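Below, each chain spelled out in residue letters.
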Amino acid sequence: MNRGMMSFGAHELIGLNEALMAKSANIELLSFLSQHVQDQRLRNMLEQHAESVHHHYMQGVQLLQGQGQEVYAKPGFAESNMEYYGQPKLGLRNPNMPMPRLNAQAPSERTICTTALSLYKFGAIGWTTYGLECTNPQLREWFMRGTAMSDKMAYEMWGFMNQKGYYQVITLPNETIQAMMHAYTPSQMSLNQGVNAMPYQ
């Protein structure tokens, strides 16, 4: 094992350690939650997410141990299954938020979904923050792949929750939307140069 392959600053090593600790806990939590749901689609999703986080965790361990050349040998998170849920349902559909149970013996399906969604959202924020502070290019890429993975998992979970009515989307009146759309006018430079005016897209 050639440890000379990788070099980390103190803050990067601390960030990687924090990330691996969090991912280890998330793997166990997602696996545990998957055993407490009846919906087979949700169970499969949580199990797939746990496997994806585990794969990313192992990549991080490889980085820590100086095996950076092999860290991306296997694919990460699979393509999102959002098409399975169809188009998002917009608008309120008899929303109902049950009171939390102080004496709950097991989490409800809604609670399990909300817990997983929160993990993914805060994970995406955390991995992005760590990644933007990295000077090591491979570690930076590892964190940003974690961000992309969290984004896909969050959107997939949200799609399931949206279809079940757990996460409904408030809409605005059409006249308000139209007014907002007409409030913006493309600049003449953008119209003349087209997409070439946006070099970072």
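Rules of the game
Residues numbered from 1 in each chain as written. Predicted model: local features only at pLDDT ≥ 70, side-chain atom pairs only at ≥ 80, totals over all residues. Heavy atoms only, no water. Helix = DSSP H or I, 4+ residues; strand = E, 2+ residues; numbered from the N terminus. Contact = heavy atoms within 4.5 Å. Areas by Shrake-Rupley, 256 points an atom, 1.4 Å probe, with all protein chains shown as cover. Expected span 1.5 Å × (residues − 1). Polar contact = N/O pair within 3.5 Å; in protein donor to acceptor, adjacent residues only side chain to side chain. Axes fitted to C-alpha atoms, helices over the stretch in contact; angles between N-to-C directions. Parallel < 35°, antiparallel > 145°, perpendicular 65-115°, else oblique. Left-handed = near helix turned anticlockwise from the far one by under 90°. Nonpolar A, V, L, I, M, F, W, Y, C, P; charged D, E, K, R; others polar. pLDDT = per-residue confidence, 0-100. Core = buried A, V, L, I, M, F, W, Y, C linked by side-chain atoms within 4.5 Å. Buried < 20%, exposed > 50% of the residue type's maximum accessible area, 1.4 Å probe, protein only.

Trainee: Where do I start with the overall build of the protein chain in this structure?
Mentor: Counting its secondary structure elements, the protein chain contains seven helices and zero strands. Counted from the first residue to the last, the protein chain has its helices and strands arranged as α-α-α-α-α-α-α. A separation of at least 24 residues holds for 77% of the contacts in the protein chain among residues at least 6 apart in sequence. Carbon and sulfur atoms make up 57% of the accessible area of the protein chain, which amounts to about 13200 Å² in all.

Trainee: Explain helix α5 (residues 137-164) to me, please; I cannot follow it from the model alone.
Mentor: Count 3.6 residues to each turn of an α-helix, and residues three or four apart come out pointing the same way. The terminal C-alpha atoms of α5 lie 41 Å apart, and with 28 residues this matches the ideal 40 Å at 1.5 Å per residue to within 8%. Two or three places before Gln-138, at the opening of α5, Asn-136 has a side-chain oxygen 3.0 Å from that residue's backbone nitrogen. One or two positions beyond α5, positive phi appears at Gly-165, with a value near 90°.

Trainee: Which parts of the structure should I look at to understand the packing of helix α1 (residues 10-34) against helix α2 (residues 40-64)?
Mentor: Packed helices, taken two at a time, are described by the angle their axes make and the gap between the axes. The interhelical angle for the contact between α1 and α2, taken along N-to-C directions, is 155°, at an axis separation of 9 Å. Here α1 lies roughly antiparallel to α2, going by the angle between them. Crossing geometry of α1 relative to α2 is assigned as left-handed. Taking contact as the criterion, the partners of Leu-13, Leu-16, Leu-20, Lys-23, Ser-24, Ile-27, Leu-30, Ser-31, Leu-33 and Ser-34 in α1 are, on α2, Arg-43, Leu-46, Glu-47, His-49, Ala-50, Val-53, His-54, His-56, Tyr-57, Gly-60, Val-61 and Leu-64. Its residues assigned to classes, the contact of α1 with α2 shows 12 nonpolar, seven polar and three charged.

Trainee: Hey, could you run me through the confidence of the model for the protein chain in this one?
Mentor: One rule of thumb: low pLDDT means the predicted coordinates there are not for detailed reading. Here the protein chain shows a mean pLDDT of 84. Residues at 70 or above account for 80%. Of all secondary-structure elements in the protein chain, the lowest mean pLDDT belongs to helix α3 (residues 82-85), at 57, while helix α4 (residues 109-132) reaches the highest, 96.

Trainee: I'm lost on the nonpolar core in this one. Help?
Mentor: Side chains that are nonpolar tend, in soluble globular proteins, to be buried together. Leu-30, Leu-42, Leu-46, Tyr-120 and Met-157 are the most contacted members of the largest nonpolar core, which has 21 residues in total. Residue assignment for this core shows that the elements contributing at least two residues are α1, α2, α4 and α5. Looking at this core, the element that brings in the most residues is α5, giving seven residues. In this structure, Leu-16, Leu-63, Cys-134 and Leu-139 belong to the second largest nonpolar core, which totals 10 residues.

Trainee: I would appreciate a short explanation of the side chain of Glu-109 in the present structure.
Mentor: As for its position among the elements, Glu-109 is in helix α4. The exposure class assigned to Glu-109 is buried, which follows from its relative accessible area of 18%. At 3.3 Å, the side chain of Glu-109 and the side chain of Lys-164 are in polar contact. In this structure Glu-109 touches Asp-39, Leu-42, Phe-160, Lys-164 and Tyr-166, once residues within four positions along its chain are discounted.

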